[in-house]
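Understanding the architecture of this molecule
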Amino acid sequence: MLKILPPALIAAAIAGPAIAQNISAAPIEAAERAFAADGLALGIRGSFLKHMADDAIVFAPGPVNARELYEKRPGTNEPRLFWWPQKVVIARSGDLGLSFGPWSIDDRRGGYYATIWRKGADGVWKWVYDGGAEADPGKAPGPDAAAQVGPLAPEGAASQAQGFEEARNAEAALASAASTDASAAYTAVLTSDAWLLGPKGAKTLAGNDLSARLALRPASIALRPQGGGASGAGDLVWTHGEATWSGPDNKPVAAHYMHVWQKRAEGWRLIFETLINDT
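Predicted, not measured: the structure shown is a model, and the values here were computed from it.

Time to look at the environment of Asp-136. Here Asp-136 lies in the loop between strand E7 (125-133) and strand E8 (148-149). Once the C-alpha coordinates of Asp-136 and Lys-203 are considered, the two residues, 67 residues apart in sequence, prove to be 5.2 Å apart. Every residue in contact with Asp-136, bar those within four places of it in the chain, is listed here: Tyr-112, Lys-203, Thr-204, Leu-205 and Ala-206.

Structure, rendered in C-alpha cells:
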C-alpha cells in the first residue's frame with residue numbers, strides 16, 4: 001500500500017540539506033578548543049597549519065593563502081598564544097560555522113579572534129578564515145565557560161549558490177547605503193545579537209556594544225567585496241573584502257573586513273564583522 005506523505009514532509013524531503021535535523025554547534029566549539037590546545041602543544045605555526053584548509057585565508061594585510069604564509073614561518077621563539085570560544089554559530093546544514101572569543105599572549109588578554117570553520121567531505125572541520133581585531137576582552141568569560149550558541153536560521157535558501165547570491169546582494173545594498181551614512185546602513189542590517197570587532201581605536205569597547213561602536217564609525221565607508229563562501233543550506237554566508245574611509249585628519253584609511261550573514265525571519269542580516277585596519 002502506497003503511503004501518502006503530508007505536504008510538509010514532502011517539502012522537507014525535497015529541501016534536503018536546508019532542513020536542520022539535530023544540528024548542534026558543539027563540533028564548532030570542539031574544533032576551536034582543539035585548535036587552541038594545539039596552539040600550546042605545537043606552537044602557533046604548527047597548530048595553524050594542522051587545522052587550516054588548503055584554501056584558507058588570513059589578512060596580511062590583504063587576503064593571502066594561509067598555508068603558503070605559515071609554511072614560510074620558522075615556528076621558533078613564538079609567544080604563548082591561547083584563545084577560547086565565547087560564542088559559536090552553525091549553519092542549518094551543519095557544514096559551516098563561526099567561532100569567536102578572547103585571545104591572550106603569555107596569559108595576558110589582548111583582544112578577540114574570529115574563525116570561520118568548514119566541514120570537509122571527510123567530516124573533518126578545518127578553518128577557512130582566521131583573524132583578530134580590537135575589542136575589550138576584560139569582561140569575557142574564562143576558558144572553562146561553555147560557549148554561547150547563536151540561533152539557527154529558520155530556513156535555508158533554494159541552494160548554496162542561491163544563498164551566496166542573496167547574501168552578496170544584501171552586502172551590495174549595505175555598501176551602497178554605507179557610502180552616504182555608514183551608521184544608519186549598519187543599523188538597518190545588524191541583528192540585536194550581532195558583534196563588531198575593530199577597527200583600530202575600538203579596543204576599549206565590547207564587541208556587542210553596537211551603539212557605541214556605530215557612533216565611532218565615520219560618516220561614510222566604501223565596502224568592496226572580494227570573496228567568501230556559503231553553507232550547503234544557503235543560510236549562513238561569510239564574505240570578505242576591502243573597506244576605506246577618511247580619518248579625522250582626512251587621510252585615507254584602508255582596511256579589510258570579514259562579514260557573516262545569516263538568513264533570519266526578517267531577511268538577510270549581518271551577525272558579525274571583523275574590521276582590520278591596514279593603515
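A few words on the pattern of salt bridges. Applying the stated criterion to the full structure yields 10 salt bridges. Arg-224 is the salt-bridge partner of Glu-242, the closest N and O atoms lying 3.3 Å from each other. Of the two residues, Glu-242 sits in strand E11 (residues 236-246) while Arg-224 sits in strand E10 (residues 222-230), which places them 18 residues apart along the sequence. We classify Glu-242 as partly exposed; its relative accessible area is 29%.

Quick look at the sheet that holds strand E12 (residues 252-264) now. One open sheet holds the 5 strands; their spatial order is E9-E13-E12-E11-E10, and the pairing between them is mixed. Edge positions in the open sheet fall to strand E9 (190-197) and E10, since each of these has one partner strand only. The sheet shows a mean angle of 20° between the axes of neighbouring strands, direction not considered. Pairing between E12 and strand E13 (residues 267-277): 10 bridges, direction antiparallel. Bridge pairing in E13 places Gln-262 opposite Arg-269. Across the sheet, helix H4 (residues 160-178) touches E10, E11, E12 and E13, and the angle it forms with E10 is around 165°.

Below, the discussion takes up the packing of H4 against helix H5 (residues 182-189). Contact geometry of H4 with H5 gives a least axis separation of 7 Å together with a crossing angle of 150°. By the angle class used here, H4 and H5 are roughly antiparallel. Facing H4, whose interface residues are Leu-174, Ala-177 and Ala-178, H5 presents Ala-182, Ala-185, Tyr-186 and Val-189.

Membership of the largest hydrophobic core comes to 27 residues, with the highest contact counts inside it found for Leu-174, Tyr-186, Leu-223, Ala-243 and Trp-261. Put simply, the parts of the chain that give this core at least two residues each are H4, H5, E9, helix H6 (210-215), E10, E11, E12 and E13. In terms of residue count, the dominant contributor to this core is H4 (5 residues). Val-89, Ile-116, Val-128 and Ala-140 belong to the second-largest nonpolar core, a separate cluster that totals 24 residues.

Looking now at the environment of Val-189. By secondary structure assignment, the location of Val-189 is in helix H5. A relative accessible area of 12% means that Val-189 is categorised as buried. A C-alpha to C-alpha distance of 20 Å links Val-189 and Phe-100, two positions 89 residues apart in sequence.

The subject of this paragraph is the environment of Gly-247. By the secondary structure assignment, Gly-247 is in the loop between E11 and E12. The sequence separation of Gly-247 and Arg-217 amounts to 30 residues, and the corresponding C-alpha distance is 9.9 Å.

Keep in mind that most residues, glycine aside, have a negative phi and that most peptide bonds are trans. A cis geometry characterises the amide bond from Ala-60 onward to Pro-61, with omega recorded as -10°. Note on placement: Pro-61 falls in the loop between strand E1 (52-59) and strand E2 (63-65). Omega for the peptide link from Gly-198 to Pro-199 comes to 0°, which places this bond in the cis form. As for its position among the elements, Pro-199 is in the loop between E9 and H6. In this structure, Asp-106 is a non-glycine residue whose phi angle is positive, near 50°. Take Asp-106: it is sitting in the loop between strand E5 (96-105) and strand E6 (108-119). Of note, the phi angle at Asn-250 is positive, near 70°, even though the residue is not glycine. For Asn-250, the location among the structural elements is in the loop between E11 and E12. Taking the relative accessible area as the measure of exposure, Asn-250 reaches 63% and is therefore exposed.

In this structure, Asn-277 sits in strand E13. Relative accessible area serves as the criterion here: at 12%, Asn-277 is assigned to the buried category. Reaching out from Asn-277, the side chain makes a polar contact with the backbone nitrogen of Lys-200 at a distance of 2.9 Å. Not counting residues up to four positions away in its chain, the partners in contact with Asn-277 are Pro-199, Lys-200, Trp-245, Val-253, Ala-254 and Ala-255.

Scoring rules and cut-offs
- Residues numbered from 1 in each chain as written.
- Predicted model: local features only at pLDDT ≥ 70, side-chain atom pairs only at ≥ 80, totals over all residues.
- Heavy atoms only, no water.
- Helix = DSSP H or I, 4+ residues; strand = E, 2+ residues; numbered from the N terminus.
- Contact = heavy atoms within 4.5 Å.
- Salt bridge = Lys/Arg side-chain N within 4 Å of Asp/Glu carboxyl O.
- Buried < 20%, exposed > 50% of the residue type's maximum accessible area, 1.4 Å probe, protein only.
- Pairing = 2+ DSSP bridges.
- Axes fitted to C-alpha atoms, helices over the stretch in contact; angles between N-to-C directions.
- Parallel < 35°, antiparallel > 145°, perpendicular 65-115°, else oblique.
- Core = buried A, V, L, I, M, F, W, Y, C linked by side-chain atoms within 4.5 Å.
- Polar contact = N/O pair within 3.5 Å; in protein donor to acceptor, adjacent residues only side chain to side chain.

Don't take any of this as a statement about function, it's just geometry.
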